[in-house]
Amino acid sequence: MLLKSKFKLATAIGIVLSMLSLLVHLFLANYSAGGITRYSLHMDDVLPFGPRPRPRRLWGSLSTLDHLHPYAKPRKIYPAPDYHNGFIYAKIYGGFEKIQSSICDLVAVARLLNATLVIPEIQATTRAKGISSKFKSFSYLYDEDHFISTLSSDVAIVRGLPKDLREARKKIKFPTVSPKNSATPEYYVTEVLPKFSKSKVIGIIINGGKCLQSILPATLEEFQRLRCRVAFHALKFRPEIRALGNQIVSRLRVSGRPYLAYHPGLLRDTLAFHGCAELFQDIHTELIQYRRNQMIKRGTVKEQLSVDSVSRKINGSCPLMPEEVGLLLQALGYPSTTIIYLAGSETFGGQRILIPLRAMYANLVDRTSVCSQRELSDLVGPEAPLASDMAHPPPPKSEKELIDEWKRAGPRPRPLPPPPARPYYAHEKAGWYGWIGENDTEPDPSPVEFRRQAHRLLWDALDYFVSVEADAFFPGFHNDGSGWPDYSSLIMGHRLYQTPSGITYRPDRKTISALFENVSDHRYHPPRNWTLAARQHLNNSASVEGIVKSAMLSKPVSFLAHPLPECSCRTPKSSGVQSTKDSHGRLLFGGEEECPDWMVRSLAMVSTKNNEPQNEDYDGDLPEDDSSQDTQQESDRSDMNKSSEQDEEMDPDD
């Protein structure tokens, strides 16, 4: 009997301890909500996980580009100037891609004019008065100390004007210039330099994302390399952005699997500029048309308000829609378990437009699903609360206040009060819905909106870092023809400089649109079906053929989108590579100089260290879809249904 009572007591104590342990775990989980649970990908519930072989044609490096290596150091005698003509200060307007491109041009201009450059002001941050006080304008995105020290042998850079010159600047005693996007070096030498020499201080206002033409004369080749040193070495994000970016990359690869970065390019300004309003519906079409009307009034767009969006889409002037990108990735062979990182701070149309892509690829994630809210707020820094731009109802009155108002009211009898108005919900007062349904004029941005614009710079910088480090990159819109730098092209140029042999797709939207519009019979029967045609085009776009074709469009607009051959070198084993020139005789590919001996020895040591047996899936290069050789195989598969054909195209080991 005594033994039974002891056993019951021990059981009761165990149950009590278990309950206490459960309560403690629940408390800790509640305390850390928005932390670890926010950035877990939850992919074990939807897909088989674990280390698997990575097929080379989807994730491996291109052997035709293995000989290229980043090398942006000066090749000729390039001494730092002994004297300085004065100071240049600048204000840069625009989003992240315009800021990144403008700073590179600005440093080259300062070197050209032999001037001391004041750290430029990023207007998107200075307008947002409510951002964290621990960051200045430039330091909101970049590491100032690294920027100054890296370029110390190229350009003298200071954090601000001397005190006496600052006072004179406030009184507008110095001239300012606003150069065009395609300003030539002669413009600065003949028009800007005389004013600069006279006043010793000059201001430059940059609106279009550039202040110097993309392609410079051959005599200024070192200035092109200076641009590369600025963009790819000096403009290092501040430590907090780099640390969180590295954490995102490690979390995406935590299972040992690669990931693909995708930037949709669906921006309201871009869609309005190219007239792509009819690709959307309802309020989104009205918003695009309103912005396009603003551009027409400013002279940015020199066309009519209403255009045929379908013809623009077929012409390749509009971005690829997310569902189209999903179909193209499936044609390439990426399985539904592929991890896709959605880059960019703005996707016009919101989450609704991403539903088809999410249905095809369950692991479509972005920074909000990979990072906790606390991590993102730490990146922003401590900010003072701002008055919300939402309409708040009047505070409720107490019973005593209501009785006093009744007593102070006029003579009786009084008419009954009007019935209460229909309540307005939050979504009817915030953002688009607050004005487009009531009037035709978009209100001026509120302090809260200015702060959001500053935050978008941080999210773009973070996604830029993750996209450059991705195993593959797919742009939804690049080479848009607007003459402005675009986000995807900057990423593609950075990847081409840093890892030339990495998988970076450069789809021709006109060709893709023709594929989606094609209803010819032969596209639906082997060996020349739609999938093979799409796969062949995209594989070619990632190879030398795609690089050269894209360079002919992107390099005249933005040098950073194609920094070859000026900022790269080649190893001796590539002596047989054929060079390619554009219509003006300028080299686009294959004209790189040989790497210096010290770099060749270093690369050889790294290659020997990493020379280990690899999975046979890595053997070979991107496969060519030879229809003549695969005719029999495709004929054998012609009787299968669609799902089985798709399974054949997916890699069974992925």
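Residues numbered from 1 in each chain as written. Predicted model: local features only at pLDDT ≥ 70, side-chain atom pairs only at ≥ 80, totals over all residues. Heavy atoms only, no water.

Following the criterion strictly, the structure yields 26 salt bridges and no others. A salt bridge links Glu449 to Arg452; the nearest nitrogen and oxygen atoms lie 3.0 Å apart. Within this pair, Glu449 and its partner Arg452 are both found in helix H20 (residues 447-468), separated by three residues, close to a single helical turn. Across the salt bridge formed by Arg456 and Glu449, the nearest N and O atoms sit 3.2 Å from each other. (Salt bridge = Lys/Arg side-chain N within 4 Å of Asp/Glu carboxyl O. Helix = DSSP H or I, 4+ residues; strand = E, 2+ residues; numbered from the N terminus.)

Let us look at the packing of aromatic side chains. For the coordinates displayed, the defined rule picks out 18 aromatic pairs. Plain terms: the ring middles of Phe237 and Tyr464 are 6.1 Å apart, the flat faces sit at 85° to each other, and that makes the pair edge-to-face. Of this pair, Phe237 sits in the loop between helix H9 (221-234) and helix H10 (239-252) while Tyr464 sits in helix H20, and the two are 227 residues apart along the sequence. We classify Phe237 as buried; its relative accessible area is 6%. Take Tyr464: its relative accessible area is 4%, and that puts it in the buried class. Directly above the aromatic system of Phe135 lies the positively charged group of Arg238, at a separation of 3.8 Å from the ring centroid. The positively charged end of Arg238 is found above the aromatic ring belonging to Tyr140, 5.8 Å away from the centroid. (Phe/Tyr/Trp six-rings, centres within 6.5 Å; stacked < 30°, edge-to-face > 60°. Buried < 20%, exposed > 50% of the residue type's maximum accessible area, 1.4 Å probe, protein only. Lys NZ or Arg CZ within 6 Å of the ring centre and 35° of its normal.)

If you walk across this open sheet you meet the five strands as S10-S9-S8-S11-S12, and the pairing is parallel. Across the chains shown, the open sheet's two edge strands, defined by having one partner strand only, are strand S10 (364-365) and strand S12 (503-504). Pairing analysis gives four bridges linking strand S8 (residues 259-263) to strand S9 (residues 339-342), with the strands arranged parallel. Of the residues in S9, the one forming a bridge with Tyr262 is Leu342. Packing against the sheet, H10 makes contact with S8, S9 and S10, and its axis sits at approximately 155° to S9. Sheet strands in contact with H20 are S8, S9 and strand S11 (472-475), and its direction is about 150° off that of S9. (Pairing = 2+ DSSP bridges. Contact = heavy atoms within 4.5 Å. Axes fitted to C-alpha atoms, helices over the stretch in contact; angles between N-to-C directions.)

Regular strands place side chains that alternate from one sheet face to the opposite one. Every second residue of S11 is oriented toward a common face, with Ala472 and Phe474 on one face and Phe473 and Pro475 on the other, all of them buried. When S8 meets S11, the two strands line up parallel, connected through four bridges. Considered in S11, the bridge of Leu260 is made with Ala472. In the sheet, S11 pairs with S12 via two bridges, with the strands oriented parallel. When the sheet's bridge partners are listed, Phe473 is paired in S12 with Thr504.

What follows concerns helix H12 (residues 283-298). Taking 1.5 Å per residue, 16 residues should reach 22 Å; H12 reaches 23 Å between its end C-alpha atoms and fits that length. Phi for Gly299, located one or two positions after H12, is positive at around 90°. (Expected span 1.5 Å × (residues − 1).)

Summed over the entire model, instances satisfying the criterion amount to five cavities of 30 Å³ or more. The volume enclosed by the largest cavity comes to roughly 80 Å³. Elements with a minimum of two residues in the lining of the largest cavity: helix H21 (487-498) and helix H24 (544-554). Per-element tally for the lining of the largest cavity: the top contributor is H24, with four residues. (1 Å grid on protein atoms, 1.4 Å probe; cavity = no way out; pocket = protein on both sides within 12 Å on 5 of 7 lines; lining within 4 Å. Points joined across faces, edges and corners; volume = space filled by probe spheres on them.)

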